[in-house]
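# Observations on the model geometry
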Amino acid sequence: MRVRQYINLYLSIIMMLNSSSLSLVLKYSSASSSSSTCRLREQFSLNGMYQKGDVILGGLFEVHYFTVFPELSFTSEPQQLHCEGFDSFGFQQAQTMAFAVDEINRNPDLLPNITLGYQLYDNCLKLGVSFRAAMSMASGTEEEFLLDETCSGSPPVSHYATCSCLSDRGKYPSFFRTIPSDAFQVRAMIQILRRLGWTWVGLLFSDDDYGVHAARSFHSSLSESGGCVAYSQLLPKDNRPTELQRIVREIKSSSARVVVVFSNEAYLLPLLDEVVVQNVKGLQWIASEAWTTSSVFHTPRLMPYLGGTLGIAIRRGEIPGLRDYLLSVRPEDQPANNPGNNMFWEAEFGCRLEPLAGWVEAGGDVCTGQEDLRDVETNYGDVSELRPEYNVYKAVYALAHALHDLLQCDKSSHWTRTEFSGTLSQKRLFVKKGFPHFLCLSLSDSTECSRCPEDFWSSPERDLCIPKGVEFLSYQESLGISLMTASLLGALICAVVLGIFTRYRNTPVVKANNSELSFLLLLSLKLCFLCSLLFIGRPRLWTCQLRHAAFGISFVLCVSCILVKTMVVLAVFRTSKPGAKASLKWFGAGQQRGTVLVLTSFQAAICTAWLVSASPTPHKNTRYHNDKIVYECVVGSVAGFGALLGYIGLLAFLSFLLAFLARNLPDNFNEAKFITFSMLIFCAVWISFVPAYVSSPGKYADAVEIFAILASSFGLLVALFGPKCYIILLRPERNTKKALMGRATTKT
């Protein structure tokens, strides 16, 4: 996919003739008597896999994502670079080449009496590492080799380089590939955009030849088709945070909702991290083949942002026998100087074959070499989506057939055309002159049908998987905003009333109505208002668990205060009877606080048991709509939810019953009347809540529950504290002990 990878299957063919040290590097050249010996000063430190043979095929693959270069002091010999971020897909491609070589060696009809070997290197996605590997393949692994002055190199064959610049035969006369040029990819993207009516798009591309040439071609093609590029941004090589932030801010502020990206994972992943940080959603991404099928983007963290991405994918193929070969890899198959399998084994199982000092002490595992790849969940053995791997397989067979035909004719002959099918699923046509030129002519007309992922559904034309709509009670919609506003307003009124009661805490109205319980009641009402906010927004595990627990405990605290206040009212009026004053000792301040605490603790125990046994969890519901996902919280245990509501209902009923019995007590300001009225409102709201909640789908069930919380909270707030605030603020002449304790005149 990049220019630096044009040597991806670099053909470094060395033929050993009998026992002589004479060597030939393939390119219609012969050995010269002027050959001289060359001694290597030093070997590069490269990750690789090797197998001896009469003919050596070289290959470069992306087995690691990142390269760590040593610091250059220019005062001492620099350390060797090393690579990080193991990529199992790159290793799978390297193993596919090894499998193809092994398969050809077992084929008696192809290259008889010649054994193929290979030198496979990790390019670590860096140009410098690729050139080091290419030089190592050209010079071999021996300390001395013969230098042939007539050797002019050998043709590279790439399975992954798509840059259209490589089609220039003037600059790259010996470059070949088994993957189409980006010119075809750009043409396909333009057709997709035209088909969907998307003419205003953003463009992002990597800072390399692959990205720059693809973006240039796309820009001109889009203009010719009548479209426009809203912005065009180059992804920085060094992943500078400030530059990435600037690019994402431009994407966010642009009116273009379609973003076309020509890049690989290393450039794009840091940008998408910034997209997540700035929470940029609602974009339609169009992916180039370099990252369309990359597994690093298929994560729960990125899917909310990349869901519904359309992309161009490399054609898929099948390679019989490859899966068994991949799963047969063992670390002991490679000698000590051939660490490819060992690196894979350690990355796959998270252990060390040769642990470093302190590894075991830190809790690290030691590999036994007997671990089974079939026992781990990994993409390494998945052969259902062989795309670049299939191109590797074809490239190895192309080279093998070219060499086979070369050995069947004298060196002065020129080839015109050759066909082969072998074990490939389709016939390949080669047009040759001197070396293996080829063009794949046969394309399948068959249609592949596959089921869309869970969060997607098919378009009306059934040619695309498009993301399903998402529904939950959001802070951005009018219903969510209205409920949130009401909740915050209720909490604010509670704070204001609390301030009024604090300011006038020494007046008779506040003192006569048990000021301590009144303050606690106001605090619990404020919590009731605020707990409704947990029902708004996309359901998460913690919000699902917390919303009902906070609701249940807050309301029990509130109703417990009301119940104790009612009991105190009854006890006070009973003291007017002879011998009844002793009953007041059971209703002192300590007993009141203890009763509220005990009653609330029962609810806390119910919530704890519910969360431990069958906790509420977020759930994606698709029963209501085929084209929409409804995010909701399932209660987990209906019995737990029922116990929570039932306990609140029991306390509310007891408060109502006691307040009803005390409603006719003769004080001018009898709080029992207001408690009776408030409990009537409370019970009416929650009795009507149950059928409404059960019959409401999706986000409307949450809205019903929030409405019940707010309605009952406002009812308690207005009924219990409205009359008191009225007297304190508007009728201060009634805020006296005489006015409050005066008996009502009885009508005769």
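Reading the values: rules and limits
- Residues numbered from 1 in each chain as written.
- Predicted model: local features only at pLDDT ≥ 70, side-chain atom pairs only at ≥ 80, totals over all residues.
- Heavy atoms only, no water.
- Helix = DSSP H or I, 4+ residues; strand = E, 2+ residues; numbered from the N terminus.
- Buried < 20%, exposed > 50% of the residue type's maximum accessible area, 1.4 Å probe, protein only.
- Contact = heavy atoms within 4.5 Å.
- Areas by Shrake-Rupley, 256 points an atom, 1.4 Å probe, with all protein chains shown as cover.
- Pairing = 2+ DSSP bridges.
- Axes fitted to C-alpha atoms, helices over the stretch in contact; angles between N-to-C directions.
- Phe/Tyr/Trp six-rings, centres within 6.5 Å; stacked < 30°, edge-to-face > 60°.
- Patch = residues over 30% accessible without salt bridge, like charges linked within 9 Å, V, L, I, M, F, W, Y side chains within 5 Å.
- Salt bridge = Lys/Arg side-chain N within 4 Å of Asp/Glu carboxyl O.
- UniProt positions renumbered as here; feature names shortened; annotations may be inferred.
- Disulfide = S-S within 2.5 Å.
- Expected span 1.5 Å × (residues − 1).
- Core = buried A, V, L, I, M, F, W, Y, C linked by side-chain atoms within 4.5 Å.
- Arc of directions from axis to C-beta.
- Parallel < 35°, antiparallel > 145°, perpendicular 65-115°, else oblique.
- Left-handed = near helix turned anticlockwise from the far one by under 90°.
- Nonpolar A, V, L, I, M, F, W, Y, C, P; charged D, E, K, R; others polar.
- pLDDT = per-residue confidence, 0-100.

Looking now at the overall build of the protein. When you go through the protein residue by residue, the secondary structure sums to 19 helices and 27 strands. Across the 748 residues of the protein, 46% fall into the buried class. At a minimum sequence separation of 6, the contacts of the protein that also span at least 24 residues come to 73%. Element-wise, carbon and sulfur atoms account for 58% of the exposed surface of the protein, whose accessible area totals about 37,200 Å².

Spatial strand order, 25-27-26: three strands in an open sheet with mixed pairing. Every other strand in the sheet has two partners, leaving strand 25 (469-471) and strand 26 (617-621) as the edge strands with one partner each. Put simply, the sheet's adjacent strands are angled 25 degrees from each other on average, direction ignored. Here strand 26 pairs with strand 27 (residues 628-634) via five bridges, running antiparallel. Paired with N621 across the two strands is V630, which belongs to strand 27.

A few words on the packing of aromatic side chains. For any pair of aromatic rings, geometry is given as the distance between the ring centres together with the angle between the planes. In this structure the tally under the stated criterion is 24 aromatic pairs. Between F344 and Y380, the aromatic rings sit 4.3 Å apart at their centres with planes inclined by 45 degrees, giving tilted as the arrangement. Here Y380 lies in the loop between strand 19 (365-366) and helix 10 (388-407) and F344 lies in helix 9 (residues 340-349), a separation of 36 residues in the sequence. Both residues of the pair, F344 and Y380, belong to the buried class. The structure contains a cluster of three or more aromatic residues connected by ring pairs, namely F551, F555, F682, W686 and F689.

On to a nonpolar patch on the surface, then. There is a patch of nonpolar side chains on the surface, built from L650, F653, L654, L657, F660 and L661 and spanning about 550 Å² of accessible area. Residue position: L661 is located in helix 16 (residues 638-661). A residue is classified by how much of its surface remains accessible, and L661, at 58% relative accessible area, is exposed.

Take L407: it is sitting in helix 10. Note: C-alpha distance between L407 and L111 (296 residues apart in sequence) is 8.6 Å.

Our next topic: the UniProt feature "transmembrane region" (unreviewed entry) in the protein. According to UniProt, the feature "transmembrane region" (unreviewed entry) maps to residues 7-26, 479-501, 517-537, 549-573, 594-614, 634-662, 674-694 and 706-729 in the numbering used here. Within the segment residues 706-729, helix and strand shares are 100% and 0% respectively, and the terminal C-alpha atoms sit 31 Å apart.

On inspection of all chains with the given rule, the structure shows four disulfides. In this model, C83 is linked to C124 through a disulfide, with the two sulfur atoms separated by 1.8 Å. Classification of the bridge connecting C83 and C124 rests on its S-S torsion, roughly 100 degrees, and on that basis the disulfide is right-handed. Residue C83 is found in strand 8 (residues 82-86), and its partner C124 is found in the loop between strand 9 (116-122) and helix 2 (127-139); the two are separated by 41 residues along the sequence. On the basis of relative accessibility, which here comes to 1%, the residue C124 falls in the buried class. Linked covalently through their sulfurs, C351 and C367 form a disulfide whose S-S length is 1.8 Å. Taking the sign of the torsion about the S-S bond as the criterion, the disulfide between C351 and C367, at about 100 degrees, is right-handed. Separated by 16 residues along the polypeptide, C351 in strand 18 (residues 351-352) and C367 in the loop between strand 19 and helix 10 bring together distant segments of the chain. C528 forms no disulfide, and the closest cysteine sulfur to it belongs to C558, at a distance of 5.0 Å.

Over its 13 residues, helix 2 extends 18 Å from the first C-alpha to the last, a length consistent with the 18 Å expected when each residue adds 1.5 Å. Those residues of helix 2 lying buried are V129, S130, A133, A134, S136, M137 and S139.

In this section: the nonpolar core. Counting residues in each nonpolar core, the largest one holds 63 residues, and the members touching the most others are F551, F555, I562, F682, W686 and F721. Broken down by secondary-structure element, the contributors of at least two residues to this core are helix 11 (478-503), helix 12 (508-512), helix 13 (515-531), helix 14 (541-574), helix 15 (589-614), helix 16, helix 17 (671-695) and helix 18 (699-730). Considering each element in turn, this core owes the most residues, 14 residues, to helix 18. With residues near it in sequence (within four places) discarded, W686 still touches F551, F555, L645, A708, I709 and S712. L373, Y390, Y393 and A395 belong to the second largest nonpolar core, which has 43 residues in total.

Moving on: helix 5 (residues 241-253). Taking 1.5 Å per residue as the helical rise, helix 5 with its 13 residues ought to reach 18 Å, and the 18 Å between its terminal C-alpha atoms agrees with that figure. Looking at helix 5, one finds that the buried residues are E243, L244, I247, V248 and I251. Across the axial projection of helix 5, the buried residues extend over an arc of 130 degrees, all falling on one side. Looking at helix 5, the residues exposed on the side facing more than 90 degrees away from the buried face are P241, T242 and S253. Tucked inside the fold, the buried residues of helix 5 contact strand 13 (200-206), strand 14 (228-235), strand 15 (258-262) and helix 6 (265-277).

The next thing to look at is the packing of helix 5 against helix 6. As a packed pair, helix 5 and helix 6 sit with axes 9 Å apart at the nearest point and diverge in direction by 60 degrees. When the interaxial angle is binned, helix 5 and helix 6 end up oblique. Relative to helix 6, helix 5 is oriented so that their crossing is right-handed. Residues L244, Q245, I247 and V248 of helix 5 lie in contact with helix 6, whose contacting residues are P270, L271, E274 and V275. Within the contact of helix 5 with helix 6, the residues separate by chemical class into six nonpolar, one polar and one charged.

Attention shifts here to unusual backbone geometry. A positive phi angle is found at N113, which is not glycine, with a value near 65 degrees. Within the element layout of this structure, N113 appears in the loop between helix 1 (88-105) and strand 9. With a phi angle near 55 degrees, N239 is a residue other than glycine that sits in the positive phi range. Position of N239 among the secondary structure elements: in the loop between strand 14 and helix 5.

Right, let's get into the pattern of salt bridges. In the structure shown here, the tally under the stated rule is eleven salt bridges. As a salt-bridge pair, R246 and E243 come within 2.7 Å of each other at their nearest N and O atoms. One end of the pair, R246, and the other, E243, are both in helix 5, three residues apart, so they sit about a helical turn from each other. Its salt-bridge partner being D273, residue R301 comes within 2.9 Å of it at the nearest N-O pair. Of this pair, R301 sits in the loop between strand 16 (284-287) and helix 7 (303-306) while D273 sits in helix 6, placing them 28 residues apart in sequence. One salt-bridge network, held together by shared partners, links E243, R246 and E250.

Judged by how many residues are buried, strand 27 sits mostly within the fold: five of seven residues are covered. Pairing between strand 25 and strand 27: three bridges, direction parallel. Of the residues in strand 27, the one forming a bridge with V470 is I629.

So, about the packing of helix 17 against helix 18. Where helix 17 meets helix 18, the closest approach of the two axes is 9 Å, and the angle between their N-to-C directions is 175 degrees. In terms of orientation, helix 17 lies roughly antiparallel with respect to helix 18. Of the residues in the contact of helix 17 with helix 18, the class split is 20 nonpolar, three polar and three charged.

With 79% of its residues at a pLDDT of at least 70, the protein reaches an overall mean of 78. Per-element averaging of pLDDT across the protein places strand 3 (residues 23-25) at the bottom with 27 and strand 15 at the top with 95. Across residues 149-153, where pLDDT falls below 50, the model places nine contacts with residues more than four positions away in sequence or in other chains.

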